[in-house]
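Architecture at a glance
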Amino acid sequence: MPNKQEIRWMIGALAGINLGNIAIFTAPIYIGSLMDSFGFTENQTGLISTLEIGAVAVTCLLLSRWLGSFSLQKLAMTGAIATLIINVITISLNDYVSILLSRTLAGVGAGLCLAATSALLSRMKDPDQIVGIMLAVNTVIMVIVIGVLGYVKAAWQFPGIMAVFAINVIVFLPLLLLLPSQPLKHSRANRREPSAPDHRLGLGILGVSLLFLFCTVEGGVWAFAERSGSNLGIADGDIGLLLATAQVAGLAGAIIAAVWGSKIPRLYPIVIGSGLMGLAGLFIYQTDSQLVYGLFLGAFSFG
């Protein structure tokens, strides 16, 4: 069981995970609001979302080597405050280039929060279990946020989405104060001496490549799922509820994998999950039935 200090850090880390991942979880409604509010094309909105999420990833990657030298609390607070300011500014923007630049900068701020959180969680006891708990709790939070965003989009379109993003930062920003205020020192016991490359390098590159391919396919299907529902005549609020319900199904799938993952060969859940996602993705975009759309949206997230 985590001690009191670790519990405080976990609460702070939850805030960082939330701020770093909100653009990914809410991408369908986020993209739909851009298209409906300003008439942007799918290519334009896809680029906005890609640059914001990509900025999060690149920021984490660039900071990874020096995170042990920073105060994680100050790093996350800086990112959160910057993201809050940018979200507020974005509410008043209405041209493509300005929104593209503002959302990319927001991604950098969110990346600072996620980088600080990742650095902390990697140094805690049993990080795999703790990260799993954090992601599960954040998914529950995102279920609520996505459900609300559907109705916000219907009433206020993209400015309303940005207002919710700003409110989300305001709610979670104080929790970042629970993160360590002093840099975390690397333990000598955890340092590894350099060794000659072996066959595991090739396997690592293959694994990262397959993960990138998986995330590309998954993100492509998820990002424009709201558009498919809208084309079927489903109301914005109802689409938000369906997307939120799909996240519940995804959480259930993750729990099942966590419970049974060590008892069966990993190949089985990978093949079954990938097949289910592929089939569901096909039906989400090809069906003319609202019922089939809703069912396979859940099946996609579950896979």
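Bear in mind the structure is a predicted one, so any value in this text is a computation, not a measurement. (Residues numbered from 1 in each chain as written. Predicted model: local features only at pLDDT ≥ 70, side-chain atom pairs only at ≥ 80, totals over all residues. Heavy atoms only, no water.)

Before going further, it helps to examine the overall build of the chain. Tallying secondary structure elements over the chain gives 11 helices and zero strands in all. The secondary structure elements of the chain, listed N-terminal to C-terminal, are α-α-α-α-α-α-α-α-α-α-α. Buried residues in the chain amount to 46% of all 303 residues. Put simply, the chain shows about 16100 Å² of open surface, and 69% of that area lies on carbon and sulfur atoms. (Helix = DSSP H or I, 4+ residues; strand = E, 2+ residues; numbered from the N terminus. Buried < 20%, exposed > 50% of the residue type's maximum accessible area, 1.4 Å probe, protein only. Areas by Shrake-Rupley, 256 points an atom, 1.4 Å probe, with all protein chains shown as cover.)

It is worth spelling out the packing of aromatic side chains at this point. Tallied over the entire structure, the rule returns six aromatic pairs. Taking 5.7 Å as the distance between ring centres and 70° as the angle between the ring planes, the aromatic pair formed by Phe38 and Phe158 counts as edge-to-face. Here Phe158 lies in helix α6 (residues 127-172) and Phe38 lies in helix α2 (residues 27-38), a separation of 120 residues in the sequence. Among the aromatic residues, those joined into a cluster by ring pairs are Tyr30, Phe38, Phe40, Tyr96, Phe158 and Phe165. (Phe/Tyr/Trp six-rings, centres within 6.5 Å; stacked < 30°, edge-to-face > 60°.)

Our next topic: the side chain of Glu52. Within the secondary structure layout, Glu52 lies in helix α3 (residues 42-63). Of the polar contacts made by the side chain of Glu52, one reaches the side chain of Arg103; its length is 3.0 Å. (Polar contact = N/O pair within 3.5 Å; in protein donor to acceptor, adjacent residues only side chain to side chain.)

Here we come to the pattern of salt bridges. The final tally for this structure, using the stated rule, is six salt bridges. Here Asp36 ties to Lys153 by a salt bridge, and the two come within 2.7 Å at their closest N and O atoms. With Asp36 in helix α2 and Lys153 in helix α6, this pair connects stretches of sequence that are 117 residues apart. Lys153 sits in the buried class, given a relative accessible area of 1%. (Salt bridge = Lys/Arg side-chain N within 4 Å of Asp/Glu carboxyl O.)

Below, the discussion takes up the environment of Ser122. Examined against the element boundaries, Ser122 turns out to sit in helix α5 (residues 96-122). The exposure class of Ser122 is partly exposed, given its relative accessible area of 48%. Only 2.9 Å separates the side chain of Ser122 from the backbone oxygen of Ala119, close enough to count as a polar contact.

What follows covers the environment of Leu282. Following the sequence through the fold, Leu282 ends up in helix α10 (residues 267-286). According to the relative accessible area criterion, Leu282 is partly exposed, its value standing at 48%.

Glancing now at the packing of helix α4 (residues 72-91) against α6. Where α4 meets α6, the closest approach of the two axes is 8 Å, and the angle between their N-to-C directions is 160°. Considering their axes alone, α4 and α6 lie roughly antiparallel with respect to each other. Both α4 and α6 take part in a crossing whose hand is left-handed. Touching Ala80, Thr83, Leu84, Asn87, Val88, Thr90 and Ile91 of α4 are Phe158, Pro159, Met162, Ala163, Phe165, Ala166, Val169 and Ile170, all from α6. Within the contact of α4 with α6, the residues separate by chemical class into 12 nonpolar, three polar and no charged. (Axes fitted to C-alpha atoms, helices over the stretch in contact; angles between N-to-C directions. Parallel < 35°, antiparallel > 145°, perpendicular 65-115°, else oblique. Left-handed = near helix turned anticlockwise from the far one by under 90°. Contact = heavy atoms within 4.5 Å. Nonpolar A, V, L, I, M, F, W, Y, C, P; charged D, E, K, R; others polar.)

The next subject is the nonpolar core. In terms of nonpolar packing, the biggest core is built from 74 residues, with Ile48, Leu120, Met134, Ile161, Leu176, Leu243 and Tyr293 touching the most fellow members. Not counting the four nearest positions on each side in its chain, Ile161 is found in contact with Ile29, Tyr30, Ser33, Leu149, Val152 and Lys153. (Core = buried A, V, L, I, M, F, W, Y, C linked by side-chain atoms within 4.5 Å.)

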